[in-house]
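Chain by chain, the residues:
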Amino acid sequence: MTSTHQKVSARPAVERKAYTPLTAAIDVEACFSLLEGRWKLVILFHLFGGQVLRFSDLEKRITGISQKMLAQQLRRLEADGIVERTVHSQVPPKVDYRMTAWGQQLCPALDSLLKWAELREQYSLE
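Residues numbered from 1 in each chain as written. Predicted model: local features only at pLDDT ≥ 70, side-chain atom pairs only at ≥ 80, totals over all residues. Heavy atoms only, no water.

On to the confidence of the model for the chain, then. Taken over all residues, the pLDDT of the chain has a mean of 89, while the share at 70 or more is 89%. Model confidence for the chain, summarised as mean pLDDT per element, is weakest for helix α6 (residues 106-124) at 90 and strongest for helix α4 (residues 67-79) at 97. (pLDDT = per-residue confidence, 0-100. Helix = DSSP H or I, 4+ residues; strand = E, 2+ residues; numbered from the N terminus.)

Put into structure tokens, the structure is as follows:
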């Protein structure tokens, strides 16, 4: 059975911003600043794909990161709206982390960057 009506999205389509070379550079730089730091990208790659991990799980999976640094990076990612922190009221306290819907949108962008980086070798051989 086919549908005779269009699906209506719950969110209205967002008009793209018109960029100049300067405003584009400024906005991309602001995006990169959200990801600055030795550990942020490692944390994000562990949380991509809907992963929900506890602090201790992240600590075990990320070799070489201190508890203090992991906590700082997670707090920063949470403040920037990329990661969501959920505190479950139980004893002992349980806290887990997941990507926000907006944060999850980073996945295709970072995947594109990886593909772009792989092209470097191809172009350097020319």
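So, next bit.
It is worth spelling out unusual backbone geometry at this point. With an omega of -5 degrees, the peptide bond between Val91 and Pro92 qualifies as cis. For Pro92, the location among the structural elements is in the loop between β2 (83-88) and β3 (94-99).

On to the side chain of Gln73. Relative to the helices and strands, Gln73 is located in helix α4. Contact partners of Gln73, with chain neighbours within four places excluded, come to Glu36, Gly37, Trp39, Lys40 and Ile43. (Contact = heavy atoms within 4.5 Å.)

Right, let's talk about the side chain of Thr100 for a bit. Tracing the backbone through its elements, the reader meets Thr100 in the loop between β3 and α5 (101-104). Polar contacts involving the side chain of Thr100 include one to the main-chain carbonyl oxygen of Gly81, which spans 2.7 Å. Those residues in contact with Thr100, other than ones at most four positions away along the chain, are Gly81, Ile82, Val83 and Glu84. (Polar contact = N/O pair within 3.5 Å; in protein donor to acceptor, adjacent residues only side chain to side chain.)

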